[in-house]
Amino acid sequence: MERDFISFLTLKDALEILKLQVINKDILTYDLTKQDYHLEENSLYRSDSFCVILVKSGVVSYISNGEYLTLYAGDILFSPILETFSIEYLSDDYVASYILFTEKPITQAGFNYHNLLKELRQGDSLIINGQPELFARMKFHIGEISRLNSNTLQEYFMEDMISHHFSIILFELSNYIKKDGYSRNLLSRDEEITTKFFTLVKEKYRFEHSVQFYAEQLFITRKYLSKVIKNNGQNA
């Protein structure tokens with residue numbers, strides 16, 4: 001399929017599509033399932049906002065800057081502004097929490113936002129896995145922002161409270177990046193794929209001999225599976 005047209009996604013468009021009424025229009029939070037997912041599979045998109053996704057259940061596979069990536073339940077994805085991506089696969093039980101935000105609330109955070117913006121802008125997507133405590137903390141703060149950002153809620157200092165929870169989310173991301181979590185994450189994801197691959201082989205080798213079969217079971221491409229296994233000193 002030829003994919004030479006890129007759809008540009010804006011935060012304003014997302015607000016209209018999801019029909020959300022919010023106080024702070026530079027921060028948007030929502031939950032999505034496969035049934036109400038509004039992006040088309042195998043189509044190219046580019047966003048004008050940063051994005052953090054917490055996968056609560058199911059699996060999503062996507063291509064970002066030429067890399068085929070897969071998120072599982074418990075994974076966290078951070079995607080920078082203007083990254084081109086396409087959704088390749090969504091499982092039927094997919095449920096995830098999203099927070100989209102512009103640069104404006106970052107500049108209003110209560111710490112050195114210049115360094116933070118530099119950190120968030122550089123590099124490709126960041127996948128964080130195997131961090132259940134971080135996932136739980138991020139889930140809580142995104143949930144609080146979602147609750148507070150509704151314009152139907154009548155509470156004092158709501159914008160300050162939204163900013164508070166948002167600043168903590170930024171701190172969590174920045175802290176993970178500074179601890180070189182990205183490098184450790186790449187290694188752990190490859191190790192995870194390798195372990196799952198050999199577990200499947202042990203269970204299915206009598207009947208399944210195709211690399212393509214095992215790649216599909218892991219929601220990755222045959223080429224990527226072969227690359228991961230080869231990097232771990234094996235052959236697929």
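The sections below set out a description of the structure shown in this document.

What counts and what doesn't
Residues numbered from 1 in each chain as written. Predicted model: local features only at pLDDT ≥ 70, side-chain atom pairs only at ≥ 80, totals over all residues. Heavy atoms only, no water. Helix = DSSP H or I, 4+ residues; strand = E, 2+ residues; numbered from the N terminus. Areas by Shrake-Rupley, 256 points an atom, 1.4 Å probe, with all protein chains shown as cover. Pairing = 2+ DSSP bridges. Axes fitted to C-alpha atoms, helices over the stretch in contact; angles between N-to-C directions. Contact = heavy atoms within 4.5 Å. Buried < 20%, exposed > 50% of the residue type's maximum accessible area, 1.4 Å probe, protein only. Arc of directions from axis to C-beta. Core = buried A, V, L, I, M, F, W, Y, C linked by side-chain atoms within 4.5 Å. Salt bridge = Lys/Arg side-chain N within 4 Å of Asp/Glu carboxyl O. Phe/Tyr/Trp six-rings, centres within 6.5 Å; stacked < 30°, edge-to-face > 60°.

With respect to the overall build of the chain
1) Next: Looking only at helices and strands, one finds eight helices and ten strands in the chain.
2) Next: When the accessible area of the chain is evaluated, it comes to approximately 13000 Å², of which 52% is carbon and sulfur surface.

A closer look at the sheet that holds strand β1 (residues 6-9)
1) Next: The five strands lie next to each other as β1-β3-β8-β5-β6, forming an open sheet whose pairing is mixed. Whereas interior strands pair on both sides, the edge strands pair on one side only; in this sheet they are β1 and β6 (67-72). In this sheet, adjacent strand axes meet at a mean angle of 35 degrees when their direction is disregarded.

Here we look at the sheet that holds strand β10 (residues 126-128)
1) Next: Sheet architecture is open: five strands sit in the order β2-β9-β4-β7-β10, paired in antiparallel fashion. Across the chains shown, the open sheet's two edge strands, defined by having one partner strand only, are β2 (27-33) and β10. This sheet shows a mean twist of 15 degrees between the axes of neighbouring strands, independent of strand direction.
2) Next: Where strand β7 (residues 76-79) lies against β10, three bridges are found, and the strand directions are antiparallel. Counted as the bridge partner of Phe-78 is Leu-126 from β10.
3) Next: Its contacts with the sheet put helix α1 (residues 11-18) on β2 and β9 (95-101), and the angle it makes with β2 is roughly 50 degrees.
4) Next: Here helix α4 (residues 132-148) sits on the sheet and contacts β2, β4 (50-57), β7, β9 and β10; the angle it forms with β4, its principal contact strand, is near 115 degrees.

With respect to the pairing of strand β8 (residues 84-90)
1) Next: The buried fraction of β8 is high, at six of seven residues.
2) Next: Across three bridges, strand β3 (residues 44-47) lies against β8 in antiparallel orientation. Within β8, the position partnered with Leu-44 by the bridge is Ser-86.
3) Next: Across five bridges, the pairing between strand β5 (residues 59-64) and β8 is antiparallel. Counterpart to Tyr-62 in the pairing with β8 is Ile-87.

Examining α1
1) Next: Residues of α1 that are buried: Leu-11, Ala-14 and Leu-15. Taken around the axis of α1, the buried residues stretch over an arc of 100 degrees, which confines them to a single face. Of the residues in α1, the exposed ones pointing more than 90 degrees away from the buried face are Lys-12 and Glu-16.
2) Next: Structurally, α1 contributes buried residues whose contacts are with β1, β2 and β9.

Structural notes on the nonpolar core
1) Next: Counting 26 residues, the largest nonpolar core has Tyr-37, Ile-53, Tyr-62, Tyr-94 and Tyr-98 as the members making the most contacts within it.
2) Next: With near-sequence residues (within four places) excluded, Tyr-37 lies in contact with Leu-32, Ile-87, Leu-90, Tyr-94 and Tyr-98.
3) Next: Residues Leu-148, Leu-170, Leu-173 and Tyr-176 belong to the second largest nonpolar core, which totals 24 residues.

What to know about the pattern of salt bridges
1) Next: Inspection of every chain in the model, using the stated rule, returns five salt bridges.
2) Next: Measuring nitrogen to oxygen at the nearest pair gives 3.9 Å for the salt bridge that ties Asp-26 to Lys-104. Within this pair, whereas Asp-26 is found in the loop between α1 and β2, its partner Lys-104 is found in helix α2 (residues 104-107), the two being separated by 78 residues in sequence.
3) Next: In this structure, Glu-172 and Arg-137 form a salt bridge, with 2.6 Å as the shortest nitrogen-oxygen distance. With a gap of 35 residues between them, Glu-172 in helix α5 (residues 158-178) and Arg-137 in helix α4 connect regions that are remote in the sequence.

Quick word on the packing of aromatic side chains
1) Next: For the coordinates displayed, the defined rule picks out nine aromatic pairs.
2) Next: Where Phe-101 meets Phe-166, the ring centres are 5.0 Å apart and the plane angle is 75 degrees; that geometry is what we call edge-to-face. With Phe-101 in strand β9 and Phe-166 in helix α5, this residue pair connects regions lying 65 residues apart in the sequence.
3) Next: Take Phe-101: its relative accessible area is 0%, and that puts it in the buried class.

Examining the side chain of Ser-47
1) Next: Mapped onto the elements of the fold, Ser-47 is located in strand β3.
2) Next: Judged by its relative accessible area of 14%, Ser-47 falls in the buried class.

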